[in-house]
Amino acid sequence: MNSNNIRNFCIIAHIDHGKSTLADRLIETTNTVSEREMKEQLLDNMDLERERGITIKLQTVRMYYKASDNIEYELNLIDTPGHTDFNYEVSRSLAACEGALLLVDATQGVQAQTIANLKLALEQNLTIIPVINKIDMPNADAESVIKELEELEEFDGLDLSNVILASAKNGIGIDDILESIIQHVPAPKGNSEKPLQALIFDSHYDVYRGVVLHIRVFNGSIRAGMKIKMLKSDLVFEALQVGVFLPEMQSVEALDAGEVGFISTNIKVVSNIKVGDTIINPNIPDTEAVPGYKEVKPMVYAGLFPIRNEDQDKLKDAVEKLALNDSAFIYKQENSMALGVGFRCGFLGILHMEIIQERLEREYGIEILSTFPSVEYRVTLKNGEIATINNPMLLPSFEKIDYIEEPFIDAAIIIPMENIGEIMELCQEKRGCYVDMVYLNNKMAELIFKLPISEIAYDFYDSLKSLTHGYASIDYRDRSYVVSDLVKMDIWLNDEMVDAFSFILPRDKSFERGKQIVQKMKHVIPRKLYPMPVQSVVENKVIAREDIPPLRKSVTGKGYSGSTSKKKKIAKNIKDNKVRQRKFGGVDIPQEAFHAVLDVR
Ligand code: GDP
Ligand code: MG
């Protein structure tokens, strides 16, 4: 297709403002999918996404639309993921577009993610089309929403007279949206005659096709059978199939400059693919990269171990494939005395970790025991050596350590004005340092805090959401290392140290937590016929000790039912009647014991 007749766009919105519903309407209106095939929220295709109501993986769909000028246009809708753990994927998918529909709920107005996503889109120089959705609702107030938009400094000097009023649910304004995309979103600028330059904005593993790359061609054109080179990974492959998402995958002869689609490849080593990398023609090696590539760094790490030893190989295969589908997920083999062979994995956050764990279980049928998460510490030894450690088991002995640094990040937190006090308090509780505060309009403010990743990785996002009733957004920026007084806590069970239980914490919290943890452990470790001591140990000193009482004949094997605390969220993933545990020196270690450690953090 002539690139003048192509439009590449995405939809950005605060959660629940109607992005998926609008995507469905656009697909329906353009007859992209027959009515019979039309499932609601077609683009959120993974079970997990449906259940959690969040979009995790981006999906792309090509639509054809005959506009009022009687010309048929090719529209590529690129869906962007909606959770903060996945910000990098948001920015990569935005980089594949020229325009964005900024969707705002007419009853809710501008919210934190509206602003956060708008900022990301403007960083990519996208043309913004504001759409006010849900105007069918009795309490819709489009006028005030337009006022709120006008107040945003992001819109300074922009004409907001072309705002579209819509109801994705009732199909109002859908034609206006399509026409506006054609009128206002620039056609892609590339040239098919120039050397090939394509952005990999996503990838996935397909049982039939192997590794599939989702690409946006900026210059040149790509056909099946061509040799291609990935710039950052410096590897050459063959494009076996070239195609588009309708949304099911279909072959096309070529993807030309400006187009969006996929290529399948003969890539075997899946870890070679990096989202954000540029594909070029290997014969023209000095072609430039598409700007904005960023190596994603995990924020938290945890060990994943198969419950059944025979799942070892299956787990290796599964993590490899998941890593391909998810550029932010990394893994490395790990050995634990207590848990055997598993993988040390890096995640963008706890939600990300939970999702990976759930996918391993649902999609690959592997039951997993996960250790509690840790961040990556920088340890300077007395002999001057520096070690980077994301597994507390591997922390050198305290006598050898000069000092430990832990990672902090700059968090930009957008919240409603009335919550400023509570959120300031929350950040201080989490050892945060105040940096700045800006008022965005008359109801939202942006707080900048330096926060230790170890304190916010776990339940910070949940606390933030519950304190603001869901009206918060957080974005992480620069990372830095800060010296902290930290110690490693070991847990001894029946006079043996359980290496997988070790964790790193601030020294001034070690006494209290050491006591709490043995009390918890006392309840979650299954009893034996003999009493067993459980001890928390810091720097060779026992902090606290409890004795797990022996099993009496009358006591049935009923497990500890656990606290109902919100922190136990991860535990809910475990099927109720299955006891998940590993044997260690004759003692059973249930998954719950790891949650006990989390609970007292
Ligand atoms: P997303 O989180 O942005 O993808 O939002 P969804 O598309 O999942 O929509 C969230 C909720 O709002 C769902 O219950 C939709 O049915 C509802 N919704 C979406 N658009 C409209 C609309 O135009 N009018 C009304 N009344 N409800 C809508
Ligand atoms: Mg959605």
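Read on for a plain summary of the structure. Quick caveat, the model's predicted, so the values are computed rather than measured.

Comments concerning the site of ligand 1
Near ligand 1 lie 15 residues; those nearest to it are Asp-16, Lys-19, Ser-20, Thr-21 and Asp-136. A distance of 2.8 Å is found between an oxygen atom of ligand 1 and a side-chain nitrogen or oxygen belonging to Ser-20. Measuring from an oxygen atom of ligand 1, one finds a side-chain N or O atom of Thr-21 at 2.5 Å. Protein coverage of the free-state accessible area of ligand 1, which is 580 Å², stands at 77%. With 3 residues, helix H1 (residues 19–29) is the single largest residue contributor to the shell around ligand 1. By residue class, the composition of the shell around ligand 1 is 3 nonpolar, 7 polar and 5 charged.

Observations concerning the sheet that holds strand S4 (residues 99–105)
Strands sit in the order S2-S3-S1-S4-S5-S6 across an open sheet of 6 strands; the sheet is mixed. The sheet is open, and its two edges are formed by strand S2 (60–66) and strand S6 (164–165), each paired on a single side. Pairing between S2 and strand S3 (residues 72–78): 7 bridges, direction antiparallel. In the strand pairing of S3, Tyr-64 is matched with Glu-74. Seen against the sheet, H1 touches strand S1 (6–13), S2, S3 and S4 and runs at an angle of roughly 155° to S1.

With respect to the pattern of salt bridges
One side chain can pair with another of opposite charge once the charged atoms of both are near each other. In total, this model carries 27 salt bridges according to the counting rule given. Glu-320 serves as the salt-bridge partner of Lys-316, at 3.8 Å between the closest nitrogen and oxygen. Here Lys-316 and its partner Glu-320 are both found in helix H7 (residues 312–324), 4 residues apart, which amounts to about one turn of the helix. Residue Lys-316 is classed as partly exposed on the basis of its relative accessible area of 40%. Residue Lys-450 is joined to Asp-410 by a salt bridge in which the shortest nitrogen-to-oxygen separation is 2.8 Å. Of this pair, Lys-450 sits in strand S24 (residues 444–452) while Asp-410 sits in strand S22 (residues 401–416); the two residues are 40 residues apart in sequence, bridging distant segments of the chain. For Lys-450, a relative accessible area of 29% translates into the label partly exposed. Here Asp-410 falls in the buried class, since its relative accessible area comes to 17%.

Reading guide: rules and limits
- Every chain begins its residue count from 1, and numbering advances along the sequence as written.
- A letter from A marks each chain and a number from 1 marks each ligand, given out in the order of writing.
- Local features in this predicted model are restricted to residues whose pLDDT is 70 or higher, and side-chain atom pairs enter the listing and the counts only when it is 80 or higher, whereas totals over whole chains, interfaces and linings include all residues.
- In computing side-chain values, all of the structure's heavy atoms are included and hydrogens and water are not.
- Note on definitions. A residue lies near a molecule or strand when any single heavy atom of the residue is within 4 Å of it.
- Side-chain atoms alone can form a polar contact between residues adjacent in sequence; in general such a contact is a pair of N or O atoms within 3.5 Å, and within protein one must be able to donate a hydrogen while the other accepts it.
- Here the accessible surface of atoms and residues is derived via Shrake-Rupley with a 1.4 Å probe, and residues count as covered only by protein chains that are part of the display.
- Secondary structure counts use DSSP, requiring at least four H or I residues in a row for a helix and at least two E residues in a row for a strand, with both numbered from the N terminus.
- When residue character is reported, Ala, Val, Leu, Ile, Met, Phe, Trp, Tyr, Cys and Pro are called nonpolar, Asp, Glu, Lys and Arg charged, and the others, Gly included, polar.
- By the convention used here, strands pair only if DSSP detects at least 2 bridges between them.
- Contact between two residues is taken to exist if any of their heavy atoms lie within 4.5 Å; hydrogens are not considered.
- Simply put, an axis is a line fit to the C-alpha atoms, just over the touching stretch for a helix, and the angle between two N-to-C directions goes from 0 to 180 degrees.
- In the sections that follow, a salt bridge refers to a side-chain nitrogen of Lys or Arg positioned within 4 Å of a carboxyl oxygen of Asp or Glu.
- Buried, partly exposed and exposed residues are distinguished by accessible area as a fraction of the type maximum, computed with a 1.4 Å probe on protein chains only: under 20%, between the cut-offs, and over 50%, respectively.

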